Every structure is written in structure tokens, then in C-alpha cells.
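Residue-level structure breakdown
Each chain, letter by letter, is given below.
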Amino acid sequence: MTVSSPSTIAAGSDCRDAFRAAYENRYTWDPGFGGYKGRCIWQQGERTVEGRFQVGADLKASVEGIEDAEVEKAVASQLWEVAIHRVRRPFEQVHGENTFTAGNSTAEGLEVLIGGKGEGDRYRIKDDVVTMVHRHIHGTVVTIHTGSTTDTGAGYLSRDYTSQYSDPATGEAKGPANSFEDTFVALGDQGRWVLERRAIQTKDADGNDSVQVFQFTDLEAL
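Residues numbered from 1 in each chain as written. Predicted model: local features only at pLDDT ≥ 70, side-chain atom pairs only at ≥ 80, totals over all residues. Heavy atoms only, no water.

We now examine the side chain of Gln78. Along the polypeptide, Gln78 turns up in helix H2 (residues 69-84). Exposure remark for Gln78: the relative accessible area of 12% places this residue in the buried category. In contact with Gln78, not counting residues within four places along its chain, are Phe180, Arg198, Ile200 and Phe214. (Helix = DSSP H or I, 4+ residues; strand = E, 2+ residues; numbered from the N terminus. Buried < 20%, exposed > 50% of the residue type's maximum accessible area, 1.4 Å probe, protein only. Contact = heavy atoms within 4.5 Å.)

Below, the structure written as C-alpha cells:
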């Protein structure tokens, strides 16, 4: 099947195949992945905390050796968030009840307007990459803009991106905007890609920036 380039799809037409191509181009772990473990390092300003972690085949993350409960939770949360996005789910299972209509085109890509079960959600796609996500999740809206990606040879991973939560009714921001920079590496001979480093820059209400850095080293497959 030949999929039309998003740049040639007219506004108002069906763009299901183009969106599906971008969806299926995301990098995911194969179902046989048994998890991995290693050392974790959290840094913020002059403070550094180290521990050990493990992500099981069930994608649950456990962290040991970190006494600060908030830091432990933050490290485990990042590991879980990355792992949950590596789950391979068939397109029809996730989007089978949605419709896909082309909107306008910008430098960020073709707008994809969702109808059906996901009514109100929007995406942008460019070069088989989902460059923008605007989704309603649990009574809030999350908007993600992807600036650059890592090509694994078996799909792409977002490298630089921003995330903002907002009120679905008013559009007012809920909390600060976050900017992410992710570095992934292939894990041993199996070649599955896992997170090696994540830097999160947060801008508070006064316009001040704070940066948290999560590093994962001595990585081994389970």
C-alpha cells in the first residue's frame, strides 16, 4: 500500500494511513523483552543522589539505595514513563474507533484531527514522525511538541520535546511547562534501546529555570 505524503494530503480528507505510518514508526520493545537493571544517578544543582534500579518484564520499576522518598519516586516515575511508551500495541487496538481528518499544514507538519472515541484530540505528523500530541487524559489535556528524534533503525524515539498540561475547558496551563532532552542507548547484544540520560528543565511561575538530570549506567538486560 502506498501512503500519501502528509504534505500532499488536502485539508478535510481522510489521513488515517498517513497517521498509521507515523504511529507504527515509533520505537517499541518486542514482546519478549525481559527488563533491565543498572545504576541510577539523580542530580539537581549541587546535589547528587545515587542508587540502583530494575525494570521488570511487567514494566514495573523498583529503586533501591535512595533514602529520599521524593527522589526515589521521581527516578521510578521516569523509568516507568519511558517503559510504558515502549509497549507495542497494534494500531487498531489503540485507534480502531477513531477517525482521522487532515487539518492545516505548518512547519511542524500536517494537523490530524481525531473524531470518534478520541474526539477532540489532535496530532501533527511529519516524515513518519508524530511531531505534536494534544490529548485529553483523565480530565486534563497534555500537549507535547517534539523538536528532534533518535533513529534506532527500528523506529524513532523522541529526543528533544516539551510538555504542558492544561485545562480542557479554558486552555489555562496547569503547572509549569517542562522541556526534556533524552539520550537512549542500545542495550548489549540484544540491541533494545533504553534510556541512558534524561534532563528535565522546568520553568516556575516567576520564570526561573530548574533542571533535574536522571542518568542510568551499568545497564544490563535481565
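On to the sheet that holds strand S11 (residues 192-203), then. Strand order in the open sheet formed by twelve strands is S3-S2-S1-S12-S11-S10-S9-S8-S7-S6-S5-S4, with antiparallel pairing between adjacent strands. Every interior strand has two partners, whereas the edge strands, strand S3 (61-64) and strand S4 (98-106), have only one. Averaged over all adjacent pairs, the angle separating strand axes in this sheet is 25°, with direction ignored. The pairing of strand S7 (residues 129-137) with strand S8 (residues 140-151) spans six bridges and is classified as antiparallel. (Pairing = 2+ DSSP bridges. Axes fitted to C-alpha atoms, helices over the stretch in contact; angles between N-to-C directions.)

Right, let's get into the packing of aromatic side chains. Counting across every chain of the model gives eleven aromatic pairs. For the ring pair Phe19 and Phe91, a centre distance of 6.4 Å and an interplane angle of 55° mean the geometry is tilted. Taken as a pair, Phe19 in helix H1 (residues 16-23) and Phe91 in helix H3 (residues 91-95) lie far apart in primary sequence, 72 residues in all. Of the two residues examined, Phe19 and Phe91, each falls in the buried class. Three or more aromatic residues link up through ring pairs in this structure, and these residues are Phe19, Tyr23, Phe91, Phe100 and Tyr123. (Phe/Tyr/Trp six-rings, centres within 6.5 Å; stacked < 30°, edge-to-face > 60°.)

With 16 residues, H2 extends 22 Å from end C-alpha to end C-alpha; this agrees with the ideal 22 Å at 1.5 Å per step. Turning to H2, its buried residues are Val71, Ala74, Val75, Ala76, Gln78, Leu79, Val82 and Ala83. Lining the buried residues of H2 we find strand S1 (35-44), strand S2 (47-56), S3, strand S10 (178-187), S11 and strand S12 (209-221). The N-cap of H2, judged by a side-chain oxygen 2.9 Å from the amide nitrogen of Glu70 a few residues on, is Asp68. (Expected span 1.5 Å × (residues − 1). Polar contact = N/O pair within 3.5 Å; in protein donor to acceptor, adjacent residues only side chain to side chain.)

Another aspect to go through is the nonpolar core. Core analysis: the largest hydrophobic core is formed by 30 residues, its most contacted members being Trp29, Tyr36, Phe53, Val75 and Phe216. Of all the secondary-structure elements, those providing two or more residues to this core are S1, S2, H2, strand S9 (156-166), S10, S11 and S12. In terms of residue count, H2 provides more of this core than any other element does, seven residues in total. Core analysis: the next-biggest nonpolar cluster, separate from the first, contains 18 residues, Tyr23, Ala102, Ile125 and Val129 among them. (Core = buried A, V, L, I, M, F, W, Y, C linked by side-chain atoms within 4.5 Å.)

Attention shifts here to H1. Here H1 has its buried residues at Ala18, Phe19, Ala22 and Tyr23. What you see down the axis of H1 is that its buried residues fit within an arc of 140°, all on one side. The elements touched by buried residues of H1 are H3, S4, strand S5 (109-116), strand S6 (122-126), S7 and S9. (Arc of directions from axis to C-beta.)

On to the pairing of S1, then. Here S1 runs beside S2; their pairing, made up of ten bridges, is antiparallel. Across the sheet, Gly38 pairs through a bridge with Phe53, a residue of S2. Counting the residues in the hairpin turn of S1 and S2 gives two residues, including Gly45, whose phi is positive at 60°. Of the strand pairs in this sheet, S1 and S12 are connected by seven bridges, and their pairing is antiparallel. Across the sheet, Ile41 pairs through a bridge with Gln215, a residue of S12.

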